[in-house]
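Each chain, written out:
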Amino acid sequence: MRSLFVLSLLCLSSVHGQSSRTWTVGMSQCNLGEPWRVQMNADIRRAADDHPELTVMFKDAQNDNLRQRAHIEEFLRAGVDAILVSPKEAAPLTGVVRDAYRKGIPVIVLDRRVLGEDYTCFIGADNRKIGRALGKWLVQRLGGKGKIVELKGLMTSTPGQDRHAGFREGIKGSELEVIFEADMKWLEPNARKEMESALARFSRIDAVYAHNDPAAHGAWLAARAAGREQEMLFVGVDALPHEGQVYVRQGILAASFEYPTGGKEAVETVLRVLRGEKVPKEITLLSRVFTRENVEQGGEELE
Ligand code: FRU
């Protein structure tokens, strides 16, 4: 296996008299248990398919920081030309990303951040802006007043922190009140359980803000089991065409805010780095909001 990488690393071939290189890139995905991550890998694969000079090796950390750290070390030992990583959590992955970067291996960090500045480029949407826009949307939708359940993403990951902080900014000054909040760690079964507790404790809930669509769906299942799904609105983040957007069409979610995977941009960026071009330290992806009113027209871009 290792000799294969070395071979690809050294592979200089001549195409039409021009010298062209082939590159091997390692991609460590924090887990593949959620549709959004499967989609990110598919987007990377599709973009890489247009570039025969690029080979991407995919690894799945199965939601385990230690396993993900080991991936980066394995990539380094294998002599990859660059690393893509979508970290599970910021702090545990920071050191190993820093080591790779300082050794001169380009590292593109996707969607969830590491701490500090020791990486080549970060690609992701603006989670604070998404949280803020979602908060404002709910304020408007509820007429400025209401009791809210917030089901938070893993709060040791940066999208969870930013979606939370942004939301609180968005509802500031209104009479929206968060009566129950819990960390569902991005996972639908956790969200469903937390929502069962919220339903048991509160006889009236006006809306559920879930940091991702799987959690919004889990909350809806809990409310439906209690016969209370009509009482409240459910709003989530991700808006995958085959997940969140479908929930909106089915009337399960009142809105879903898009969180683009950035897979295509990851491939474009890593190629630019490998060709020796300068890339920005940060690439911010745009996001759209999908509601019952606009989903058939393809949603609306966030301001
Ligand atoms: C998938 C996921 C998405 C979410 C993203 C945040 O693992 O939970 O649903 O938007 O991660 O990093």
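Bear in mind the structure is a predicted one, so any value in this text is a computation, not a measurement.

Q: Honestly, the sheet that holds strand β12 (residues 255-258) in this entry has me stumped. Any pointers?
A: Picture the strands of a sheet paired through backbone hydrogen bonds; they go either parallel or antiparallel. The mixed open sheet is built from seven strands, whose spatial order is β9-β8-β10-β11-β12-β14-β15. Each of the sheet's edge strands pairs with one partner strand only, and the pair in question is β9 (175-183) and β15 (300-301). Where strand β8 (residues 145-152) meets β9, eight bridges bridge the pair, whose relative direction is parallel. If you follow Gly 146 over to β9, its bridge partner there is Leu 176. Most of the contacts of helix α6 (residues 158-171) go to β9, to which it runs at about 165 degrees, and overall it touches β8, β9, β10 (207-210) and β11 (233-238).

Q: Can you help me understand the sheet that holds strand β4 (residues 54-60) in this one?
A: If you trace the six strands from one edge of the open sheet to the other, you get β4-β3-β5-β6-β7-β13, paired in parallel fashion. Every interior strand has two partners, whereas the edge strands, β4 and β13 (282-285), have only one. Here the strands of the sheet are splayed against their neighbours by 15 degrees on average, with no regard to which way each runs. Pairing of strand β5 (residues 82-86) with strand β6 (residues 107-110) involves three bridges; the strand directions are parallel. Pairing of Val 85 across the sheet is with Val 109, part of β6.

Q: Looking at this structure, I do not really get the pattern of salt bridges. What am I missing?
A: Close approach of charged atoms allows side chains of opposite charge to pair. All told, the structure shown has 21 salt bridges when counted by the stated rule. One salt bridge in this structure joins Arg 37 and Asp 111, with 2.9 Å as the shortest N-O distance. Taken together, the residues span a long stretch of sequence, with Arg 37 in helix α2 (residues 35-49) and Asp 111 in the loop between β6 and β7 (121-125) at a distance of 74 residues. The class for Asp 111 is buried, based on a relative accessible area of 3%. With a shortest N-O distance of 3.3 Å, Arg 272 and Glu 277 are connected by a salt bridge. By sharing partners, the salt bridges in this structure join Glu 150, Lys 152, Arg 168 and Glu 181 into a single network.

Q: Is there a simple way to explain the site of the ligand in this structure?
A: Near the ligand you find Asn 31, Glu 34, Trp 36, Arg 37, Asp 111, Arg 112, Pro 159, Arg 163, Trp 186, Asn 212, Asp 238 and Tyr 259, and these make up its full shell. In the model, an oxygen atom of the ligand is placed 2.5 Å from a nitrogen or oxygen of the Arg 37 side chain. Residue Asp 111 places a side-chain N or O atom 2.6 Å away from an oxygen atom belonging to the ligand. Burial of the ligand by the protein amounts to 100% of the accessible area it has alone, namely 310 Å². Residues belonging to the shell around the ligand are distributed by class as follows: four nonpolar, two polar and six charged.

Q: When you look at the nonpolar core in this model, what are you seeing that I'm missing?
A: Soluble globular proteins: nonpolar side chains tend toward being buried together. By size, the foremost hydrophobic cluster in this structure holds 48 residues, and its most contacted members are Leu 54, Leu 84, Leu 110, Leu 138 and Phe 257. The greatest single-element share of this core, amounting to six residues, is contributed by helix α10 (residues 263-274). No fewer than three residues from each of domain 1 (21-125 + 261-285) and domain 2 (127-260 + 291-301) sit in this core. Setting aside anything within four residues of it in sequence, one finds Leu 84 in contact with Val 25, Gly 26, Met 27, Ser 28, Ile 44, Ile 108, Leu 110, Ala 266 and Val 270. By size, the runner-up hydrophobic cluster in this structure holds 32 residues, among which are Leu 154, Ala 216, Ala 219 and Leu 221.

Q: Honestly, α6 in this entry has me stumped. Any pointers?
A: Count 3.6 residues to each turn of an α-helix, and residues three or four apart come out pointing the same way. Its 14 residues give α6 an end-to-end C-alpha distance of 20 Å, which sits within 8% of 20 Å, the value for a rise of 1.5 Å per residue. Those residues of α6 not exposed but buried are Thr 158, Pro 159, Gly 160, Arg 163, His 164, Gly 166, Phe 167, Gly 170 and Ile 171. Summarising the contacts, the buried residues of α6 are in contact with α4 (90-102), α5 (127-141), β8, β9, β10 and β11. Positive backbone phi, approximately 85 degrees, marks Gly 173, located one or two places after α6.

Q: Quick question: what am I supposed to make of helix α3 (residues 65-78) here?
A: For α3, spanning 14 residues, the distance from its first C-alpha to its last is 20 Å, which sits close to the expected 20 Å at 1.5 Å a residue. Taken residue by residue, α3 has Asn 65, Gln 68, His 71, Ile 72, Phe 75 and Ala 78 as its buried positions. What you see down the axis of α3 is that its buried residues fit within an arc of 150 degrees, all on one side. Relative to its buried face, α3 has exposed residues pointing more than 90 degrees away, namely Leu 66 and Arg 77. Following α3 by one or two positions, Gly 79 has its phi on the positive side, about 75 degrees.

Q: For this particular structure, what's the right way to read the packing of α5 against α6?
A: What describes two packed helices is the angle between their axes and the distance between those same axes. In the contact formed by α5 and α6, the axes pass within 6 Å of each other and the chain directions differ by 35 degrees. Crossing angle aside, the handedness with which α5 passes α6 is right-handed. The segment α5 lies against α6, with Asn 127, Arg 128, Gly 131, Arg 132, Leu 134, Gly 135, Lys 136, Leu 138 and Val 139 engaging Pro 159, Asp 162, Arg 163, Ala 165, Gly 166, Phe 167, Glu 169, Gly 170 and Ile 171. Residues of the contact of α5 with α6, tallied by class, amount to seven nonpolar, five polar and six charged.

Cut-offs and rules
- Residues numbered from 1 in each chain as written.
- Predicted model: local features only at pLDDT ≥ 70, side-chain atom pairs only at ≥ 80, totals over all residues.
- Heavy atoms only, no water.
- Pairing = 2+ DSSP bridges.
- Helix = DSSP H or I, 4+ residues; strand = E, 2+ residues; numbered from the N terminus.
- Contact = heavy atoms within 4.5 Å.
- Axes fitted to C-alpha atoms, helices over the stretch in contact; angles between N-to-C directions.
- Salt bridge = Lys/Arg side-chain N within 4 Å of Asp/Glu carboxyl O.
- Buried < 20%, exposed > 50% of the residue type's maximum accessible area, 1.4 Å probe, protein only.
- Near = heavy atom within 4 Å.
- Polar contact = N/O pair within 3.5 Å; in protein donor to acceptor, adjacent residues only side chain to side chain.
- Areas by Shrake-Rupley, 256 points an atom, 1.4 Å probe, with all protein chains shown as cover.
- Nonpolar A, V, L, I, M, F, W, Y, C, P; charged D, E, K, R; others polar.
- Core = buried A, V, L, I, M, F, W, Y, C linked by side-chain atoms within 4.5 Å.
- Domains from an automatic or database assignment.
- Expected span 1.5 Å × (residues − 1).
- Arc of directions from axis to C-beta.
- Left-handed = near helix turned anticlockwise from the far one by under 90°.

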